[in-house]
Amino acid sequence: MSVSVKTFATASEAASALSSDRAARYFGGGTLLMRALNEGDTSITTVVRATDRGLNRIETSGGRIVIGAGVTFARILAERELPFLHAAARSIGGPAVRNMGTVGGNLFAPSPFGDFTVALLALDAMISTQGSLGARDIPIDEFLQTRERQSGTLVLAISCIKPATGEAFRYRKIARIRPKGGSLITLAAHLPTNAGRVTGARIAFGSMAPLPIRARAAERALEGRALDAAAIGAAAAVIGEGTSPPDNALASAWYRREVAGVHLKRLLAGQE
Amino acid sequence: MAKTALQFRHNGRETATFVEGGANLLMVLRDQIGDMTAKFGCAQGGCGACTVLIDGEPYLACLMLAESVEGRSVETLDGIRSGPNLHPLQRAFADNFAAQCGYCTPGMLMAAKALLDRNPQPSRAEVVEAISGNICRCTGYEPIINAVLAAASGGRARA
Amino acid sequence: MLELRKDLFADERDDNLKEIGKGTQRQDMLGHVTGTSPYFDDHKLQGMLHLKVVRSTHSHARLRRIDTSEA
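Parameters and conventions
Residues numbered from 1 in each chain as written. Chains lettered and ligands numbered in written order. Predicted model: local features only at pLDDT ≥ 70, side-chain atom pairs only at ≥ 80, totals over all residues. Helix = DSSP H or I, 4+ residues; strand = E, 2+ residues; numbered from the N terminus. Buried ≥ 20, exposed ≤ 12 C-beta atoms within 10 Å, placed from the backbone. Contact = placed C-beta atoms within 7 Å. Rg over C-alpha atoms; globule rule 2.2 N^0.38 Å. Domains from an automatic or database assignment. Nonpolar A, V, L, I, M, F, W, Y, C, P; charged D, E, K, R; others polar. Pairing = 2+ DSSP bridges. Axes fitted to C-alpha atoms, helices over the stretch in contact; angles between N-to-C directions.

Peer 1: Explanation requested: the overall build of chain B in the structure shown.
Peer 2: Counting secondary structure elements, chain B contains five helices and five strands. The order of helices and strands in chain B, counted from the N terminus, is β-β-α-β-β-β-α-α-α-α. Across its three principal axes, chain B shows a C-alpha extent of roughly 55 × 30 × 25 Å. The buried share of chain B, reckoned over its 159 residues, is 58%. Sequence separation of 24 or more characterises 56% of the internal contacts of chain B that already satisfy a separation of 6 or more.

Here it is as structure tokens:
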């Protein structure tokens, strides 16, 4: 069964081709799409590619970072201006997968994958898209919730917070095959502080629900407090709220609920 | 069935073939070119048995759209020797018991070659990172890591 | 009394039973490091049939009918 491969010079032509054909899928790095084709997914008859270099740009000079959807994890790791994203990029696949997988594609990776997306969720990412209704910037929370309906939309770029200090952004992936493999639980936290107190924390989880989600109860527990043992304990106590962890070969839902607080404490305490 | 012409350098040799739309590089290498050294493990990108070098960098052939290697250099284990003698990595694997069933070996060797070509004196941690995308069920990885380090240090075998 | 059939193993090893202490490579090692060890999938024959297993998605289900039209 063969598909038709169409390559366009510009992102907007690719977006048109994508949104006008329900059986078309965009080819980013191929790590999700080729897997589906290899498994004989007959719902895909056209593969759309774009050589538009705008999809591979990285802008670090502004207040927010902008990363083109086609940027690979290998490129993130090579980018000295993005040290806070290195832990997340390194936790994905091995060197070969990192040469292929893209930041845009990871937004669609199903649980237990999608670890970079967890980091972006904690960094208040905005997703720039082009679909049948034109260009739109969508907050990542909303994008994730509607992603099943987004396969006809082209992701152009992702923008996110540039943390003020190295300490302000933390990332941790717990996996059985380290550092890669499906995640047992992935945690990312942006913890901006003002006069020693946490304000506007964003804590994101992977593998604690069908999609990456925010740990809003834990965020509220930290608000206005210094990041001390008491605050960390309060956040860990409510970590399970709003989660519906999966049962899969990596771990049971029970296990995930048991260890979520432990890993959050280690993340917030800055432990290894 | 739409077929696209594809030309690329396969282990230094200019090669041309026709590929079906959506064909992956692993299928083209094995079924059309006849290069069996890249192995079929999972077709999902999880095992690394299909690791090949494209323009010197490691990629998973099972997830590569064959036509994306147009005009590029593709290296498989079949081309690792530059003469009658084994490549130092091959000799080091043989001397250090770095293969048992041998199925992961081509992928491991290509991942190791990508590392040593770029970083001739890697640390142990760098070797582990370089093969972190390759699964081995037999050796427990230690002999493989030792073999790569031995190849890097001039091929002196370790017990 | 065990009979040592040396004639059967003559080409496989040095049969003086003094293997201990000698560094030895696996017989198949050269094939492994050159990628030429012939695994099952490496044999391509003329007129091969290919099969794909299709499994039921329901456990303990009763198979009523198999639709082979796509196949």
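Peer 1: How do you make sense of the overall build of chain A when you look at a structure like this?
Peer 2: Broken down by element type, chain A carries 11 helices and 14 strands. Relative to the globule expectation of 19 Å for 272 residues, the C-alpha radius of gyration of chain A, 19 Å, shows essentially globular dimensions. Its C-alpha atoms give chain A principal-axis dimensions of roughly 60 × 40 × 35 Å. Residues classed as buried in chain A amount to 47% of the 272 residues present. In chain A, of all internal contacts separated by at least 6 residues, the share reaching a separation of at least 24 is 62%.

Peer 1: Before we go on, may I ask you to explain the domain arrangement of chain B in this structure?
Peer 2: Many descriptions give the size of an interface as the accessible area lost when the pieces come together. Residue and element names in this part refer to chain B. According to the domain assignment, chain B consists of domain 1 (3-79) and domain 2 (88-152). The straight-line distance from the C-alpha centre of domain 1 to that of domain 2 is 21 Å. Put simply, the parts of the chain that give the side of domain 1 that touches domain 2 at least two residues each are β3 (51-54) and β4 (57-60). It is β3 that contributes the most residues to the side of domain 1 that touches domain 2, three residues altogether. Considering only residue class, the side of domain 1 that touches domain 2 consists of eight nonpolar, four polar and two charged.

Peer 1: I keep staring at unusual backbone geometry and nothing clicks. Help me out?
Peer 2: With the exception of glycine, most residues fall at negative phi, and the peptide bonds are largely trans. Residues and elements named next belong to chain A. With an omega dihedral of 10°, the bond running from S111 to P112 counts as a cis peptide bond. Its location among the elements puts P112 in the loop between α6 (103-106) and α7 (115-122). Even without being a glycine, D124 presents a positive backbone phi close to 55°. Its location among the elements puts D124 in the loop between α7 and β6 (126-131).

Peer 1: Could you clarify how one ought to interpret the sheet that holds strand β3 (residues 46-50) of chain A in this entry?
Peer 2: Sheet strands pair via backbone hydrogen bonds, and the direction of the pair is either parallel or antiparallel. All names here are of chain A. With parallel pairing, three strands are arranged side by side in an open sheet as β1-β3-β2. Pairing within the sheet leaves two strands with one partner each, and these edge strands are β1 (4-8) and β2 (24-26). Recorded for the sheet is a direction-independent mean angle of 25° between the axes of neighbouring strands. In this sheet, β3 lies alongside β1 in parallel orientation, the contact comprising five bridges. Bridged to V5 within β3 is V47.

Peer 1: Help me understand the pairing of strand β5 (residues 64-68) of chain A in this model?
Peer 2: If a strand is regular, its side chains alternate between the two faces of the sheet. Residues and elements named next belong to chain A. Bridging between strand β4 (residues 58-59) and β5 involves two bridges; their strand directions are antiparallel. Paired with E59 across the two strands is V66, which belongs to β5. Between β4 and β5, which pair antiparallel one after the other, the connecting turn spans four residues. As paired strands, β5 and strand β8 (residues 154-161) are joined by five bridges and run antiparallel to one another. By the bridge assignment for β8, R64 is matched with I161.

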